[in-house]
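Working through the structure, step by step
In case you want the letters, here they are:
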Amino acid sequence: MKVNRAKVRMYGCLAGVVLSISACQQENKVIETKVDTITTSSVVVPAPIIAPPGVSHKQPAISAAEQSLIDAGLVDVQHLDSTIRVELKYSTTDNFVGVDVYGDLVKAYLQEIPAQKLAKAQQYLKDKHPDYSLLVYDAARSKRVQQILWDTLQKPIKLKPLYVADPKEGSIHNYGAAVDLTIADQDGQPLDMGTTYDFFGELAYPSKEDSLLREGKLTQEQITNRKLLRNTMRRAGFSPIESEWWHFNALSLLRCKEEYGIIP
(Lines give C-alpha, C1' and ligand atoms only; values in the text may rest on other atoms or scores of the structure.)
Protein backbone atom coordinates (compact mmCIF):
# COMPACT_ATOMS: atom_id res chain seq x y z
CA MET A 1 0.00 0.00 0.00
CA LYS A 2 1.40 3.32 -1.08
CA VAL A 3 1.44 6.10 1.48
CA ASN A 4 0.78 9.55 0.15
CA ARG A 5 3.49 11.42 2.00
CA ALA A 6 2.05 14.80 0.99
CA LYS A 7 -1.28 14.01 2.66
CA VAL A 8 0.47 12.76 5.77
CA ARG A 9 2.43 15.95 6.00
CA MET A 10 -0.79 17.95 5.50
CA TYR A 11 -2.70 15.99 8.17
CA GLY A 12 0.27 16.31 10.49
CA CYS A 13 0.29 20.05 10.04
CA LEU A 14 -3.44 20.24 10.61
CA ALA A 15 -3.14 18.18 13.80
CA GLY A 16 -0.32 20.41 14.96
CA VAL A 17 -2.44 23.48 14.39
CA VAL A 18 -5.36 21.96 16.30
CA LEU A 19 -3.11 21.02 19.20
CA SER A 20 -1.57 24.47 19.17
CA ILE A 21 -4.96 26.15 19.21
CA SER A 22 -6.12 23.84 22.01
CA ALA A 23 -2.99 24.61 24.01
CA CYS A 24 -3.52 28.33 23.52
CA GLN A 25 -7.12 28.03 24.63
CA GLN A 26 -6.06 26.13 27.75
CA GLU A 27 -3.37 28.74 28.45
CA ASN A 28 -5.90 31.53 28.00
CA LYS A 29 -8.23 29.84 30.48
CA VAL A 30 -5.43 29.61 32.98
CA ILE A 31 -4.58 33.28 32.49
CA GLU A 32 -8.24 34.27 32.81
CA THR A 33 -8.53 32.23 35.98
CA LYS A 34 -5.43 33.86 37.38
CA VAL A 35 -6.74 37.31 36.49
CA ASP A 36 -10.05 36.53 38.11
CA THR A 37 -8.26 35.28 41.21
CA ILE A 38 -6.11 38.39 41.41
CA THR A 39 -9.10 40.68 40.90
CA THR A 40 -11.08 38.91 43.59
CA SER A 41 -8.24 38.83 46.09
CA SER A 42 -7.55 42.54 45.61
CA VAL A 43 -10.89 43.41 47.24
CA VAL A 44 -10.25 43.81 50.99
CA VAL A 45 -13.06 42.30 53.01
CA PRO A 46 -12.74 43.16 56.71
CA ALA A 47 -12.95 40.25 59.07
CA PRO A 48 -16.02 40.28 61.30
CA ILE A 49 -15.40 41.67 64.78
CA ILE A 50 -16.30 39.11 67.36
CA ALA A 51 -17.06 40.64 70.74
CA PRO A 52 -16.09 38.81 73.91
CA PRO A 53 -18.98 37.14 75.74
CA GLY A 54 -21.17 39.72 77.46
CA VAL A 55 -19.64 42.66 75.55
CA SER A 56 -21.51 44.54 72.81
CA HIS A 57 -19.91 46.77 70.17
CA LYS A 58 -23.19 48.55 69.58
CA GLN A 59 -23.04 52.22 70.57
CA PRO A 60 -25.69 53.13 73.14
CA ALA A 61 -28.46 55.31 71.82
CA ILE A 62 -28.46 58.94 72.92
CA SER A 63 -31.40 59.62 75.21
CA ALA A 64 -33.84 62.44 74.56
CA ALA A 65 -32.61 64.28 77.66
CA GLU A 66 -29.00 64.05 76.49
CA GLN A 67 -29.88 65.07 72.93
CA SER A 68 -31.65 68.20 74.20
CA LEU A 69 -28.44 69.24 76.00
CA ILE A 70 -26.36 68.60 72.88
CA ASP A 71 -28.83 70.61 70.78
CA ALA A 72 -28.49 73.47 73.26
CA GLY A 73 -24.73 73.54 72.65
CA LEU A 74 -23.65 71.91 75.90
CA VAL A 75 -20.58 69.67 76.12
CA ASP A 76 -20.02 66.24 77.66
CA VAL A 77 -17.21 67.03 80.12
CA GLN A 78 -15.61 63.62 79.57
CA HIS A 79 -15.14 64.48 75.89
CA LEU A 80 -12.73 67.18 77.03
CA ASP A 81 -11.03 65.01 79.65
CA SER A 82 -11.92 61.34 79.90
CA THR A 83 -10.18 61.04 83.29
CA ILE A 84 -12.90 63.11 84.98
CA ARG A 85 -15.12 60.76 86.94
CA VAL A 86 -18.91 61.13 86.76
CA GLU A 87 -21.61 59.76 89.04
CA LEU A 88 -24.73 61.84 88.62
CA LYS A 89 -26.50 61.47 91.94
CA TYR A 90 -29.88 62.45 90.51
CA SER A 91 -29.58 59.55 88.07
CA THR A 92 -29.63 57.25 91.09
CA THR A 93 -31.72 56.93 94.24
CA ASP A 94 -28.72 58.03 96.34
CA ASN A 95 -29.92 61.61 96.74
CA PHE A 96 -32.10 63.61 99.10
CA VAL A 97 -35.15 63.10 96.88
CA GLY A 98 -34.75 59.32 97.15
CA VAL A 99 -35.71 58.67 93.51
CA ASP A 100 -34.02 58.79 90.11
CA VAL A 101 -35.11 62.11 88.61
CA TYR A 102 -32.71 62.15 85.62
CA GLY A 103 -33.74 58.86 84.05
CA ASP A 104 -31.49 58.01 81.09
CA LEU A 105 -29.14 60.95 81.62
CA VAL A 106 -25.89 59.63 83.10
CA LYS A 107 -23.31 61.99 81.56
CA ALA A 108 -22.30 65.39 82.89
CA TYR A 109 -22.92 68.29 80.52
CA LEU A 110 -21.86 71.93 80.83
CA GLN A 111 -21.70 74.96 78.60
CA GLU A 112 -18.45 75.05 76.64
CA ILE A 113 -16.61 77.64 78.77
CA PRO A 114 -17.51 75.99 82.11
CA ALA A 115 -16.59 72.59 80.64
CA GLN A 116 -13.17 73.90 79.59
CA LYS A 117 -12.66 75.31 83.08
CA LEU A 118 -13.51 71.93 84.58
CA ALA A 119 -10.97 70.22 82.32
CA LYS A 120 -8.35 72.72 83.54
CA ALA A 121 -9.29 72.00 87.14
CA GLN A 122 -8.80 68.29 86.52
CA GLN A 123 -5.35 68.95 85.06
CA TYR A 124 -4.38 71.17 88.00
CA LEU A 125 -5.45 68.43 90.41
CA LYS A 126 -3.60 65.73 88.46
CA ASP A 127 -0.43 67.82 88.38
CA LYS A 128 -0.41 67.97 92.16
CA HIS A 129 -1.99 64.60 92.96
CA PRO A 130 -1.69 62.18 89.99
CA ASP A 131 -3.79 59.53 91.76
CA TYR A 132 -6.70 61.88 92.43
CA SER A 133 -9.57 62.82 90.14
CA LEU A 134 -12.55 65.12 90.20
CA LEU A 135 -15.79 63.22 90.72
CA VAL A 136 -18.84 65.04 89.34
CA TYR A 137 -22.14 64.59 91.17
CA ASP A 138 -24.22 67.05 89.16
CA ALA A 139 -23.78 69.51 86.30
CA ALA A 140 -26.36 70.91 83.87
CA ARG A 141 -29.83 70.46 85.33
CA SER A 142 -33.18 71.07 83.70
CA LYS A 143 -35.72 73.49 85.13
CA ARG A 144 -38.14 70.55 85.40
CA VAL A 145 -35.78 68.76 87.77
CA GLN A 146 -35.13 72.01 89.63
CA GLN A 147 -38.83 72.21 90.41
CA ILE A 148 -38.80 68.63 91.73
CA LEU A 149 -35.86 69.40 94.03
CA TRP A 150 -37.49 72.61 95.25
CA ASP A 151 -40.79 70.90 95.99
CA THR A 152 -39.12 67.95 97.74
CA LEU A 153 -36.70 69.86 99.98
CA GLN A 154 -37.99 69.76 103.54
CA LYS A 155 -36.94 73.24 104.66
CA PRO A 156 -38.83 76.44 105.45
CA ILE A 157 -39.39 78.60 102.37
CA LYS A 158 -36.99 81.29 103.59
CA LEU A 159 -34.17 78.71 103.99
CA LYS A 160 -34.75 76.76 100.77
CA PRO A 161 -32.67 79.11 98.57
CA LEU A 162 -29.59 78.28 100.67
CA TYR A 163 -29.69 74.76 99.24
CA VAL A 164 -31.91 74.74 96.14
CA ALA A 165 -32.50 77.79 93.94
CA ASP A 166 -36.09 78.84 93.37
CA PRO A 167 -37.13 77.55 89.91
CA LYS A 168 -38.81 80.92 89.28
CA GLU A 169 -35.42 82.59 89.50
CA GLY A 170 -33.42 79.71 88.08
CA SER A 171 -30.25 78.03 89.27
CA ILE A 172 -26.86 78.40 87.61
CA HIS A 173 -27.18 74.63 87.17
CA ASN A 174 -30.19 75.36 84.95
CA TYR A 175 -27.95 77.30 82.57
CA GLY A 176 -25.24 74.62 82.48
CA ALA A 177 -22.64 76.71 84.32
CA ALA A 178 -22.50 75.13 87.79
CA VAL A 179 -21.08 71.84 88.95
CA ASP A 180 -21.37 69.76 92.14
CA LEU A 181 -18.36 67.55 92.76
CA THR A 182 -15.77 66.09 95.08
CA ILE A 183 -12.35 64.46 94.80
CA ALA A 184 -11.91 60.71 94.40
CA ASP A 185 -8.82 58.61 95.05
CA GLN A 186 -7.26 56.15 92.62
CA ASP A 187 -9.91 53.56 93.49
CA GLY A 188 -12.74 55.98 92.78
CA GLN A 189 -13.59 56.45 96.44
CA PRO A 190 -14.49 60.03 97.47
CA LEU A 191 -12.23 61.74 99.96
CA ASP A 192 -13.66 62.41 103.41
CA MET A 193 -15.19 65.88 103.31
CA GLY A 194 -16.99 65.66 106.64
CA THR A 195 -20.48 65.26 105.18
CA THR A 196 -22.16 63.48 102.33
CA TYR A 197 -23.27 65.25 99.18
CA ASP A 198 -26.47 67.26 99.67
CA PHE A 199 -26.09 67.44 103.42
CA PHE A 200 -28.28 70.44 104.20
CA GLY A 201 -26.87 71.92 107.38
CA GLU A 202 -24.05 74.01 108.84
CA LEU A 203 -21.63 71.08 108.86
CA ALA A 204 -21.40 71.49 105.07
CA TYR A 205 -20.79 75.26 105.23
CA PRO A 206 -17.31 76.30 104.03
CA SER A 207 -17.83 79.60 105.88
CA LYS A 208 -18.09 77.80 109.25
CA GLU A 209 -15.17 75.37 108.93
CA ASP A 210 -12.89 77.13 111.43
CA SER A 211 -15.47 77.07 114.21
CA LEU A 212 -16.50 73.51 113.32
CA LEU A 213 -12.86 72.46 113.62
CA ARG A 214 -12.52 74.10 117.03
CA GLU A 215 -15.71 72.39 118.18
CA GLY A 216 -14.42 69.02 116.99
CA LYS A 217 -17.23 68.60 114.48
CA LEU A 218 -14.81 68.50 111.54
CA THR A 219 -11.29 67.08 111.48
CA GLN A 220 -8.22 68.74 110.04
CA GLU A 221 -8.05 66.08 107.33
CA GLN A 222 -11.62 66.83 106.24
CA ILE A 223 -10.93 70.55 106.03
CA THR A 224 -7.66 69.92 104.16
CA ASN A 225 -9.58 67.85 101.61
CA ARG A 226 -12.17 70.61 101.20
CA LYS A 227 -9.46 73.23 100.75
CA LEU A 228 -7.77 71.11 98.09
CA LEU A 229 -11.06 70.96 96.19
CA ARG A 230 -11.71 74.70 96.58
CA ASN A 231 -8.18 75.73 95.60
CA THR A 232 -8.30 73.47 92.55
CA MET A 233 -11.63 74.87 91.39
CA ARG A 234 -10.73 78.48 92.13
CA ARG A 235 -7.52 78.17 90.14
CA ALA A 236 -9.57 77.05 87.14
CA GLY A 237 -11.97 80.01 87.45
CA PHE A 238 -14.82 78.63 89.57
CA SER A 239 -16.37 80.30 92.61
CA PRO A 240 -17.53 78.40 95.74
CA ILE A 241 -20.65 79.26 97.73
CA GLU A 242 -21.18 79.69 101.47
CA SER A 243 -23.49 76.77 102.23
CA GLU A 244 -22.21 73.77 100.21
CA TRP A 245 -18.61 72.56 99.99
CA TRP A 246 -19.40 70.66 96.74
CA HIS A 247 -21.00 73.47 94.69
CA PHE A 248 -19.02 75.70 92.29
CA ASN A 249 -20.14 78.31 89.77
CA ALA A 250 -18.25 78.98 86.55
CA LEU A 251 -20.18 82.19 85.88
CA SER A 252 -22.55 84.49 87.74
CA LEU A 253 -26.31 84.07 87.37
CA LEU A 254 -26.51 87.47 85.68
CA ARG A 255 -23.97 86.52 83.05
CA CYS A 256 -25.68 83.18 82.50
CA LYS A 257 -28.94 84.96 81.80
CA GLU A 258 -27.17 87.23 79.32
CA GLU A 259 -25.33 84.48 77.45
CA TYR A 260 -27.31 81.25 77.78
CA GLY A 261 -30.84 79.99 77.63
CA ILE A 262 -32.32 78.11 80.54
CA ILE A 263 -32.59 74.34 80.15
CA PRO A 264 -36.33 73.46 80.15
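None of the values given here were measured: they were computed from a predicted structure. (Residues numbered from 1 in each chain as written. Predicted model: local features only at pLDDT ≥ 70, side-chain atom pairs only at ≥ 80, totals over all residues. Heavy atoms only, no water.)

**Quick look at the confidence of the model for the protein chain**
On average, residues of the protein chain score 84 in pLDDT, and 77% of them are at 70 or above. For residues 26–59, every residue scores under 50 in pLDDT, and the model assigns this stretch 2 contacts once sequence neighbours within four places are set aside. (pLDDT = per-residue confidence, 0-100. Contact = heavy atoms within 4.5 Å.)

**Notes on the sheet that holds strand β5 (residues 178–184)**
Reading across the sheet, the 5 strands line up as β2-β4-β5-β7-β6 and stay open at both edges, with mixed pairing between neighbours. On the outer flanks of this sheet lie β2 (85–86) and β6 (239–240), each paired with one strand and no other. As paired elements, strand β4 (residues 133–138) and β5 share 5 bridges and run antiparallel to each other. Its bridge partner lying in β5, S133 is registered against A184. Docked against the sheet, helix α4 (residues 112–128) engages β4 and β5, running at close to 145° with respect to β4. Sitting on the sheet, helix α7 (residues 220–235) touches β4, β5, β6 and β7 (247–249), and the angle it makes with β5 is about 130°. (Pairing = 2+ DSSP bridges. Helix = DSSP H or I, 4+ residues; strand = E, 2+ residues; numbered from the N terminus. Axes fitted to C-alpha atoms, helices over the stretch in contact; angles between N-to-C directions.)

**Considerations on the pattern of salt bridges**
Note on pairing: side chains with opposite charge can pair once their charged atoms come close. One pass over the structure, following the stated rule, counts 10 salt bridges. Residue K107 is joined to E66 by a salt bridge in which the shortest nitrogen-to-oxygen separation is 3.7 Å. Placement of the pair is K107 in the loop between β2 and β3 (109–110) and E66 in helix α2 (residues 64–71), with a sequence separation of 41 residues. The partner of E169 in a salt bridge is K257, and the shortest N-O contact between them spans 2.9 Å. (Salt bridge = Lys/Arg side-chain N within 4 Å of Asp/Glu carboxyl O.)

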